[in-house]
Structure formats: structure tokens, C-alpha cells
Amino acid sequence: MGYSAFLILTVLLSVASAQFIPPYTEDCRADMYPPKGPTYRGGVSWYTVDLDQPPSKRWTPLITDKKTELVSMVQAIKDLADMFVPIGRLTELVDLTLPLMASTLPEPFGDELKGIADVSGIALGEIVLFNIFYEVFTVCTSVVAEDTKGNLIHGRNLDFGLFMGWDVKNKSWIISEKLKPLVVNLDFKRNNQTVFKSTNFAGYVGMLTGIKPHIFTLTMNERFSLDGGYIGILEWIFGNRDGMWMSFLTRSVLEKANSYEEAKALLAQTKLLAPAYFILGGNSTGQGCIITRSRLLSLDILEIDLKLGRWYVLETNYDNWKPPLFLDDRRTPAMKCMKKTTQANISLKTMYDMLSTKPMLNKLTTYTTLMQVSKGNLESYIRDCPNPCMPW
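Residues numbered from 1 in each chain as written. Predicted model: local features only at pLDDT ≥ 70, side-chain atom pairs only at ≥ 80, totals over all residues. Heavy atoms only, no water.

Focus: the sheet that holds strand β12 (residues 288-293)
Strand pairing in a sheet relies on backbone hydrogen bonds, with the paired strands running either antiparallel or parallel.
In step 1: Taken in spatial order, the eight strands make up an open sheet running β2-β7-β8-β9-β10-β11-β12-β13, and their pairing is mixed. Taken across any chain shown, the strands that pair with only one partner, and hence form the sheet edges, are β2 (46-50) and β13 (298-303). The average undirected angle you get between the axes of adjacent strands in this sheet is 20°.
In step 2: As paired elements, strand β11 (residues 276-281) and β12 share six bridges and run antiparallel to each other. Bridge assignment links isoleucine 279 to a residue of β12, and that residue is isoleucine 290.
In step 3: Packing against the sheet, helix α2 (residues 60-82) makes contact with β2 and β7 (183-190), and its axis sits at approximately 140° to β2.
In step 4: Sheet strands in contact with helix α8 (residues 246-256) are β7, β8 (193-201), β9 (209-212), β10 (216-222) and β11, and its direction is about 180° off that of β10. (Pairing = 2+ DSSP bridges. Helix = DSSP H or I, 4+ residues; strand = E, 2+ residues; numbered from the N terminus. Axes fitted to C-alpha atoms, helices over the stretch in contact; angles between N-to-C directions. Contact = heavy atoms within 4.5 Å.)

Following this line, the structure appears as C-alpha cells:
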């Protein structure tokens with residue numbers, strides 16, 4: 001074994017062992033809610049997206065407010081991509097291929113991206129690149145739980161930026177830190193009535209986290225696979241466009257589905273560009289599931305089943321019937337905290353406590369969202385994980 005290979009193996013084994021050793025892991029947290037202390041960076045501002053406006057105009061108020069932060073974020077992505085793409089090829093991709101790609105996207109997404117480019121002054125190809133990144137680099141923890149009264153609570157940590165530029169001085173991921181000022185809550189309205197709500201990143205038109213008030217809640221987690229998002233994106237560029245972008249599907253479901261069962265069917269049956277986990281919560285007892293997707297079909301649907309003692313479903317980024325990657329076991333400590341919490345005590349407060357516990361909270365965590373479908377509520381908080389903290 002060469003020295004480089006030995007060094008890499010040593011680092012990986014060190015990380016793998018550290019995730020189970022304090023202070024990189026910890027006892028399940030308590031009394032973290034309402035959010036406070038060093039793990040809480042701040043609240044999230046609300047904006048309205050008016051679906052009655054032309055697609056090219058819907059995002060103008062938000063992008064006007066967040067232009068500086070979006071410019072900084074896109075530049076960071078370009079700088080990172082330059083490290084992996086041969087000299088000259090990134091310019092060719094961003095300036096020639098990706099602007100053409102915007103016109104191939106299903107309505108209304110292409111026109112929305114063009115509108116964002118116009119308002120921000122950022123090249124259209126760069127806005128498309130910003131949106132593509134979320135199809136392949138999202139790492140998360142999502143939970144749907146039912147309390148003893150039949151109320152469903154949905155929580156998630158959105159972790160983003162894995163292997164995307166480590167800042168040695170500050171011990172943080174560059175892209176994760178650039179994203180935090182872009183976190184926003186969105187109220188999508190039609191005829192001045194709320195259609196759905198979402199926590200999102202300014203400049204991104206797909207949906208990763210959302211609620212259709214009083215009907216269902218939905219989050220999406222990346223599913224790692226050799227037949228992953230890169231393949232689907234390349235197929236799209238070369239003209240094979242019969243699959244749906246993951247985050248476009250979730251937005252379409254939030255906008256158009258009118259029941260938990262309708263949402264579940266669309267998420268399970270629609271052909272995708274990339275594998276995914278869809279975590280869906282409804283408004284009646286037993287309505288909570290994890291839909292494990294390949295690009296072509298549903299591989300498994302794990303549902304809340306109180307008769308079997310399954311009062312919650314929990315997903316990180318690994319198939320529920322397989323052990324998680326030894327380098328990244330957030331599932332075991334999360335389930336430990338859920339067991340300690342018990343169904344009798346699950347609430348927004350205790351859900352936030354679990355999501356505030358390392359390693360569910362880690363250096364990639366940008367925000368935590370809590371949703372309660374019966375009340376139609378969505379609340380989100382920008383997070384920090386002070387040192388020492390796992391990089392993922």
C-alpha cells in the first residue's frame with residue numbers, strides 16, 4: 001500500500017471512529033427549544049411568491065433583497081467547480097450549454113430561472129448551475145412522528161456542501177456557510193390564498209422542504225447511488241428528457257396534490273433524473289412514510305404503523321433495510337434519541353432537541369425546519385455546530 005493510500009485510509013478510519021466518541025457525539029439534548037445558544041444562528045425571514053405573477057416576475061422581491069448574497073454564493077460554486085473541471089471547459093459549460101438547458105426545463109422553471117438571472121445580473125448559465133448543485137449534493141436527516149393524540153410532526157435538518165471546499169482556518173464547509181444567508185421561508189400564494197409554504201435558498205426554484213397546510217408535509221433527501229443525479233443530468237443535456245427533476249417534482253406535488261395519498265402516488269410513480277428519498281407526512285393517524293426511489297420506480301415504502309410500535313419514520317441518506325455507511329451513521333443516534341423521547345413526549349420541542357444533537361447537527365447543517373400539518377405551521381432556524389463538531 002502506497003503512502004497516500006495509507007494516509008487516506010487512516011483519515012477515514014479516524015473520522016469513522018470519532019463519530020461515536022464525545023465530543024463529536026453526545027447525549028440526547030434537552031431544553032434546546034425555543035432555539036437559543038451557540039447552535040442557533042438566527043431566524044429565517046418570510047417572503048411571498050405570487051403564483052398569479054408571470055414566472056419571470058415571481059422572484060423579483062426576494063432576489064432584489066438577496067442579490068449580494070446570491071452573487072457571492074454563485075462565485076463560490078464557480079471557484080469550486082474550477083478545481084474539478086478542465087481549464088476552459090467550465091466556461092464552455094456555463095456560457096454555452098447551461099443557458100440552452102434553461103429553455104428545455106418544464107414550465108414554469110425555465111422562465112423563473114431567466115427572471116432570476118435578469119434581476120440578479122448573474123449570467124443565466126450560472127443560475128442554472130446553482131440550481132443543478134442541489135440534485136447531487138444534499139445530505140439530510142428527516143423524521144415524521146405521530147404523538148399519542150394522532151398529531152403528526154415533521155422535522156428536518158438540511159445538510160449541504162459535502163466535500164465542497166473545507167475552510168481549514170474556520171473548520172467549516174465554504175459552500176455551507178455561503179448558503180446560510182440565503183435561507184428563506186416562502187409563502188406561495190394564488191388568488192391571495194396560501195397554496196403551500198417552503199424553506200428554501202434564494203435563487204433556487206425547486207423545493208426540498210415544504211408543507212401544504214392541513215394536508216401534508218414533505219421533505220426530500222438525497223439517495224446515494226452509482227446511477228445517480230450526474231447520469232440523469234447528462235441524459236437531459238443530451239436530449240433524453242422523460243425524467244423529472246427531483247426538486248421540481250416536490251414543488252409540483254406541493255402545488256397540485258390535494259391529499260396525502262395523491263402526493264404519495266406521484267412521488268412513488270414519477271420517473272426521476274436521480275434517486276431520492278421522499279419523506280411524507282399526512283393529516284391522519286398512520287400517515288407518515290419514507291418512499292425510497294430509484295430513478296425508475298419505488299423500491300420501498302416504509303410507513304408509520306402503530307400496531308407494530310412504529311410511531312415514527314426516520315431517514316438520513318441510506319436505505320432503511322441496510323446499515324448506514326460506517327463513515328456516516330446519523331441514523332443510530334437519531335433513533336436512540338427518538339426512543340428516549342417516547343411517543344408520549346414527542347413535540348416540536350423534543351423534535352428540535354433531537355435535531356440539535358450531534359452528529360445529527362454537524363458542520364454541514366444549514367437549517368432546521370419543524371412542521372405541524374394540523375396547524376399549518378412551518379418554522380425554520382439557521383444553525384451552527386460549534387467546534388468540536390463532525391464535518392458531516
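Side note on the state of the cysteines
In step 1: Evaluation of the coordinates by the stated rule reveals two disulfides.
In step 2: Across a sulfur-sulfur distance of 2.2 Å, cysteine 28 and cysteine 337 are joined as a disulfide pair. Note on the cysteine 28 and cysteine 337 pair: the S-S dihedral is about -100°, so by sign convention the disulfide is left-handed. Highlighted residues: cysteine 28 in the loop between α1 (3-18) and β1 (40-43) and cysteine 337 in helix α10 (residues 331-341), separated in sequence by 309 residues.
In step 3: The exposure class assigned to cysteine 28 is buried, which follows from its relative accessible area of 15%.
In step 4: With relative accessibility at 3%, the residue cysteine 337 sits in the buried group. (Disulfide = S-S within 2.5 Å. Buried < 20%, exposed > 50% of the residue type's maximum accessible area, 1.4 Å probe, protein only.)

Overview of helix α4 (residues 109-120)
In step 1: When the terminal C-alpha atoms of α4 are compared, their 16 Å separation across twelve residues agrees well with the 16 Å that a helix rising 1.5 Å per residue should span.
In step 2: Those residues of α4 that sit buried are Phe109, Gly110, Glu112, Leu113, Gly115, Ile116, Ala117 and Ser120. (Expected span 1.5 Å × (residues − 1).)

So, the nonpolar core
In step 1: Counting 75 residues, the largest nonpolar core has Trp59, Leu70, Phe130, Leu179, Phe201, Trp245 and Phe278 as the members making the most contacts within it.
In step 2: With 20 residues, the next largest nonpolar core counts Cys28, Ile153, Ile346 and Tyr352 among its residues. (Core = buried A, V, L, I, M, F, W, Y, C linked by side-chain atoms within 4.5 Å.)

As for the packing of aromatic side chains
In step 1: For the coordinates displayed, the defined rule picks out twelve aromatic pairs.
In step 2: Between phenylalanine 109 and phenylalanine 248 the ring centres are 3.9 Å apart and the planes differ by 5°, which places this aromatic pair in the stacked class. With phenylalanine 109 in helix α4 and phenylalanine 248 in helix α8, the pair connects residues that are 139 residues apart, well separated along the chain.
In step 3: Here the aromatic residues Tyr33, Tyr40, Tyr352 and Tyr381 are joined through ring pairs into a cluster of three or more. (Phe/Tyr/Trp six-rings, centres within 6.5 Å; stacked < 30°, edge-to-face > 60°.)

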